[in-house]
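Per-entry structural report
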Amino acid sequence: MSGVQLKDIRKSFGALEIIKGIDLDIQPGEFVVFVGPSGCGKSTLLRMIAGLEDVTSGVLNIGGKDVTYADPSKRGIAMVFQSYALYPHMTVAENIGFGLSLAGRPKVEIEAKVRAAAESLQLIHLLDRKPKALSGGQRQRVAIGRAIVRNPDVFLFDEPLSNLDASLRSQMRLEITDLHKKLGATMIYVTHDQVEAMTMADKIVVLKDGRVEQVGSPMDLYNKPATPFVASFIGSPKMNLYSGVAAEGLGCKTYGIRPEDLTLSFEKGRWNGRIRHVERLGADALVYLKVEGLGDMVARTLGGAKFQPGNIVWAEPDATKEHRFDL
Ligand SMILES: Nc1ncnc2c1ncn2[C@@H]1O[C@H](COP(=O)(O)OP(=O)(O)O)[C@@H](O)[C@H]1O
Ligand SMILES: [Mg+2]
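Quick caveat: nothing in here was measured; it's all calculated off a predicted structure.

1. A look at the environment of Ala305
If you trace the backbone, Ala305 turns up in the loop between strand S16 (295–302) and strand S17 (312–317). According to the relative accessible area criterion, Ala305 is buried, its value standing at 18%.

And the structure:
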């Protein structure tokens, strides 16, 4: 197991600085998720850790060794991409073992490692198939298998589930989390999907515009977002955020309250508003209000609640769950 340290890592393409000084300390065996909107620099940062992209300045340590300028093959890492890039003419077993064959490892060793990887990924019954006879989820598991047989100290994943449909994605989330527990390896996982970040990470690194916005456990970021950006990025539906005159009235520069931290009633509350729309999801319902002096607001209520579009209702925030930002 290896930890990974980034010290003031920067990257410019031409005159344009894309990664603007990142410091991170990733512990051995930790599952760290880099999350942020498209274009914020997640892939560039991961590719620098992998050695697929040169570092413009800064220092990168893996397993306590300075690998800033080391060849990718000398870093003890394996990377899994969004596109699985399997060889279509090879079987699952050959695809998983390809790197080992290329390295000239003995056949017995390759077979044993491929079997062990296939077992941990539930691919044993598919070892003789070609990729075209596999589902998207199975193909992605083969790509992960190819990484496992290399026995890396650090796994790097770049949006590996983005090509899968929703139900498969949630299944693969569990499988990758299980795999992490089984292998105990350090994993760095890049995604733009806050659900993946919340459900998989030991530690989330929120990136914005080439900088670290906040680092913390999923529940830390949910309970104590440091900035309105983190507040709006973590949690679904998004936190209600108000700035300007409305926020000043509430004693801050930006005020936030999550939909699940509001209680609606016909009797009393802090804010009065008209219901524009109700989304019934089953167990709960999302109520969209127009609140005088604030604007749009979303509240989460029980699915069976009697609120209807057109109703005038009161919204009461849980006073222990209010967020006030002074940035
Ligand atoms: N080889 C490159 N040359 C120039 N600009 C690049 C290159 N690779 C990435 N970029 C730019 O760097 C920024 C971050 O890209 P990327 O790391 O792919 O973001 P993300 O993975 O978060 O979506 C984007 O603005 C992108 O256009
Ligand atoms: Mg990317």
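Structure shown, so let's carry the discussion forward.
2. A short note on the domain arrangement of the chain
Taken domain by domain, the chain holds domain 1 (4–229) and domain 2 (239–325). For domain 1 and domain 2, the distance between their C-alpha centroids amounts to 38 Å. Taken together, the contacts link seven residues of domain 1 with seven residues of domain 2. Here domain 1 packs against domain 2, burying approximately 520 Å² in sum over the two surfaces, 61% of which is carbon and sulfur. Broken down residue by residue, the surface that domain 1 buries against domain 2 is led by Tyr222, Pro225 and Pro228, which jointly contribute 85%. Across the contact surface, domain 1 and domain 2 share zero salt bridges. Our enumeration of links across domain 1 and domain 2 arrives at two residue pairs in polar contact (both at pLDDT 80 or more). No other element matches helix H7 (residues 218–223), which puts three residues into the side of domain 1 that touches domain 2. Each residue belonging to the side of domain 1 that touches domain 2 can be placed in one class, and the counts come to five nonpolar, two polar and no charged.

3. Thoughts on the sheet that holds strand S3 (residues 31–35)
Here we have six strands laid out as an open sheet, ordered S6-S7-S8-S3-S9-S10, and mixed in their pairing. Two strands in the sheet have a free side with no partner beyond their single neighbour: strand S6 (77–80) and strand S10 (211–216). Strand-to-strand, the axes of this sheet are offset by a mean angle of 20°, without reference to chain direction. As defined by bridge partners, strand S9 (residues 203–208) adjoins S10 across five bridges and the pair is classed as antiparallel. Each residue of the ladder has a partner; that of Val206, found in S10, is Gln214. Contacts from helix H1 (residues 42–50) reach S3, S6, strand S7 (154–158), strand S8 (186–191) and S9 within the one sheet, and its direction differs from that of S7 by about 150°.

4. Side note on the pattern of salt bridges
Tallying each qualifying case throughout the model produces 16 salt bridges. Here Asp209 and Lys20 are joined by a salt bridge, their closest N and O atoms 3.2 Å apart. One end of the pair, Asp209, is in the loop between S9 and S10; the other, Lys20, is in strand S2 (residues 16–26), and 189 residues separate them in sequence. Asp209 sits in the partly exposed class, given a relative accessible area of 48%. Here Glu322 makes a salt bridge to Arg270, at a shortest N to O gap of 2.8 Å. Here Glu322, found in the loop between S17 and strand S18 (323–325), pairs with Arg270, found in the loop between strand S13 (262–265) and strand S14 (271–280); they are 52 residues apart in sequence, far enough to count as distant.

5. A few points about the packing of aromatic side chains
The final tally for this structure, using the stated rule, is seven aromatic pairs. Relative to Phe233, the ring of Phe229 lies with its centre 5.7 Å away and its plane at 20°, an arrangement referred to as stacked. Of this pair, Phe229 and Phe233 both sit in helix H8 (residues 228–233), separated by four residues, roughly a single helical turn. For Phe233, a relative accessible area of 15% translates into the label buried. Residues Phe266 and Phe307 carry aromatic rings whose centres are separated by 5.2 Å and whose planes lie at 45° to one another, so their mutual orientation is tilted. One end of the pair, Phe266, is in the loop between S13 and S14; the other, Phe307, is in the loop between S16 and S17, with 41 residues separating them in the sequence. The rings of Phe31, Phe155, Phe157 and Tyr189 are connected pair by pair, giving a single aromatic cluster.

6. Let's talk about the site of ligand 1
Taken together, the residues surrounding ligand 1 are Phe13, Ile18, Pro37, Ser38, Gly39, Cys40, Gly41, Lys42, Ser43 and Thr44. The separation between an oxygen atom of ligand 1 and a polar side-chain atom of Thr44 is 2.5 Å. For the shell around ligand 1, the element with the most residues is H1, which contributes three residues. Broken down by class, the residue content of the shell around ligand 1 amounts to four nonpolar, five polar and one charged.

Reading the values: the criteria
Numbering of residues begins from 1 in every chain and follows the order in which that chain's sequence is written. To label them, take the chains in the order written and letter them from A, then take the ligands in the order written and number them from 1. This being a predicted model, a pLDDT of at least 70 is required before a residue's local features are given, and a value of 80 or more before pairs of side-chain atoms are given or counted; all residues contribute to the totals for chains, interfaces and linings. Calculated side-chain values reflect all of the structure's heavy atoms, with hydrogen atoms and water omitted. Only DSSP runs of H or I with at least four residues qualify as helices, and only runs of E with at least two residues qualify as strands; both kinds are numbered from the N terminus onward. Exposure categories follow from relative accessible area, calculated using a 1.4 Å probe and restricted to protein chains: below 20% of the type maximum is buried, above 50% is exposed, and the middle band is partly exposed. Marked domain ranges trace back to an automatic or database domain assignment. Residue contacts are counted whenever heavy atoms from the two residues lie within 4.5 Å of one another. What counts as buried area is the accessible surface, traced by a 1.4 Å probe, that two parts surrender upon association, with contributions from both included. Each reported salt bridge corresponds to a side-chain nitrogen of Lys or Arg within 4 Å of a carboxyl oxygen of Asp or Glu. Pairs of N or O atoms within 3.5 Å make up the polar contacts considered here, provided that, within protein, one atom can donate a hydrogen while the other can accept it, and that residues adjacent in sequence are counted only when both atoms are side-chain atoms. Lys, Arg, Asp and Glu make up the charged group, whereas Ala, Val, Leu, Ile, Met, Phe, Trp, Tyr, Cys and Pro make up the nonpolar group; the residues left over, Gly among them, are polar. Two strands are said to pair when DSSP picks up at least two bridges between them. Axis angles are defined between N-to-C directions and span 0 to 180 degrees, where every axis is a line fitted to C-alpha atoms and, for a helix, only to the segment in contact. The rule is short: rings of Phe, Tyr and Trp, with Trp giving its six-membered ring, pair when the centres are within 6.5 Å, and they are stacked under 30 degrees, edge-to-face over 60, tilted in between. If even one non-hydrogen atom of a residue comes within 4 Å of a molecule or strand, that residue is called near it.

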